[in-house]
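Here's the letter readout for the chains.
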Amino acid sequence: MSLTAFALNCSLKASGDKEKSSTDKIVADLLAALKPHGVKGEVVRALDHDIKPGVLSDMGKGDDWPELRKKIVAADIFILGLPIWLGQPSSVAKRVIERMDAFLDETDDKGRMPAAGKVALVAIVGNEDGAHHCHAECFQALNDVGFTIPANGGVYWVGEAMGDVNYVDLPKTPDKVAQAIEMAASNAAHLAGLLKTKAYVGVEE
């Protein structure tokens, strides 16, 4: 079965920034792990687009969110990639999550939100503690707007607190991180395949 994945890199760096993005690296690693499971993926840097603040699916003139939203709901697997700053998910990731709040009011005749039947993964990097906290925040929000979270659906790497070595600079992906990425990819592809074959039925109005 052919499956698709769409990843949003919520780094604080735009793609034109001279400094490399560790978030880009961990998302790329996850997409590579999904490929053997028949999943074709695309990654977009959120800061390359004007995502207006708000909680609607379209905030009007100049808002790039509607096109990104189309890619999110069209994919079988959505990957939210983000760095940790001050122990919190990046502000860019929070804005993306806020924009998906609109899903709550965009249900079909069975009460299903646009993300119903879609699988979500969260990939996190940072040079400080907070990965589990950030996963908890993101998973709760993604679940609230209709995504399904697979077992072991969160991957992360955190370096030494206030250190200067980033994930993108590592000569080799640590074994435990690589194993977590492989498991997340396998579980996500399996679950997405099941949901694509037999969708949630929703509820009768």
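Definitions and cut-offs
Residues numbered from 1 in each chain as written. Predicted model: local features only at pLDDT ≥ 70, side-chain atom pairs only at ≥ 80, totals over all residues. Heavy atoms only, no water. Helix = DSSP H or I, 4+ residues; strand = E, 2+ residues; numbered from the N terminus. Rg over C-alpha atoms; globule rule 2.2 N^0.38 Å. Buried < 20%, exposed > 50% of the residue type's maximum accessible area, 1.4 Å probe, protein only. Areas by Shrake-Rupley, 256 points an atom, 1.4 Å probe, with all protein chains shown as cover. Salt bridge = Lys/Arg side-chain N within 4 Å of Asp/Glu carboxyl O. Axes fitted to C-alpha atoms, helices over the stretch in contact; angles between N-to-C directions. Parallel < 35°, antiparallel > 145°, perpendicular 65-115°, else oblique. Left-handed = near helix turned anticlockwise from the far one by under 90°. Contact = heavy atoms within 4.5 Å. Core = buried A, V, L, I, M, F, W, Y, C linked by side-chain atoms within 4.5 Å. Pairing = 2+ DSSP bridges. Right-handed = clockwise from strand over helix to strand, strands pointing away.

A. Representation of the overall build of the chain in the model. A count of helices and strands for the chain gives 5 helices and 6 strands. For the chain, the succession of helices and strands along the chain, N to C, is β-α-β-α-β-β-α-β-α-β-α. Computed over the C-alpha atoms, the radius of gyration of the chain is 16 Å, within 12% of the 17 Å expected from 2.2 N^0.38 for a compact globule of 205 residues. The dimensions of the chain, computed from C-alpha atoms along their principal axes, are 55 × 40 × 25 Å. When burial is assessed residue by residue, the chain has 45% of its 205 residues classed as buried. Carbon together with sulfur atoms contributes 55% to the accessible area of the chain, which is approximately 10,400 Å² in total.

B. Molecular detail of the pattern of salt bridges. Scanning the model with the defined rule gives 10 salt bridges in all. Note that Lys71 is salt-bridged to Glu42, the shortest N-O span being 3.3 Å. Here Lys71 is found in helix H2 (residues 65-74), whereas its partner Glu42 is found in strand E2 (residues 39-45), with 29 residues between them in sequence. Note on Lys71: relative accessible area 34%, which makes it partly exposed. With a closest N to O distance of 2.7 Å, Arg99 and Asp63 form a salt bridge. With Arg99 in helix H3 (residues 91-99) and Asp63 in the loop between E2 and H2, the pair connects residues that are 36 residues apart, well separated along the chain. You can call Asp63 buried: its relative accessible area is 10%.

C. Expanded view of the packing of helix H1 (residues 22-34) against helix H5 (residues 175-197). Their axes nearest at 8 Å, the elements H1 and H5 cross at an angle of 55°. Classified by the angle between their axes, H1 and H5 sit oblique to one another. By crossing handedness, the relation of H1 to H5 is classed as right-handed. Contact residues: H1 offers Ile26, Asp29, Leu30, Ala33 and Leu34, while H5 offers Ile181, Glu182, Ala184, Ala185, Ala188 and Ala189.

D. The nonpolar core, seen in detail. In this structure, Leu8, Cys10, Phe78, Leu80, Met100 and Phe147 are the most contacted members of the largest nonpolar core, which totals 32 residues. Elements supplying a minimum of two residues to this core: strand E1 (3-9), H2, strand E3 (77-85), H3, strand E5 (119-126) and helix H4 (131-144). Examining the composition of this core, we find that 6 residues originate from one element, H4, more than from any other. Membership of the second largest hydrophobic core comes to 28 residues, among which are Val27, Ala33, Ile77 and Ala123.

E. Representation of the pairing of strand E6 (residues 154-158). Of the two faces of E6, the one holding Val155 and Trp157 is buried and the one holding Gly154, Tyr156 and Val158 is not buried anywhere. Across 5 bridges, E5 lies against E6 in parallel orientation. Residue Ala123 lies in a different strand from E6, and its bridge partner there is Val155. Crossover connection from E5 via H4 to parallel E6: handedness right-handed.

F. Up close: unusual backbone geometry. Positioned with a positive phi, Leu86 is a non-glycine residue whose angle comes to about 55°. Tracing the chain through its elements places Leu86 in the loop between E3 and strand E4 (88-89). The residue Asn152 is not glycine, and still its phi comes out positive at about 55°. Looking at where Asn152 falls in the secondary structure, it is placed in the loop between H4 and E6.

Keep in mind that these numbers describe shape and distance, not what the molecule does.
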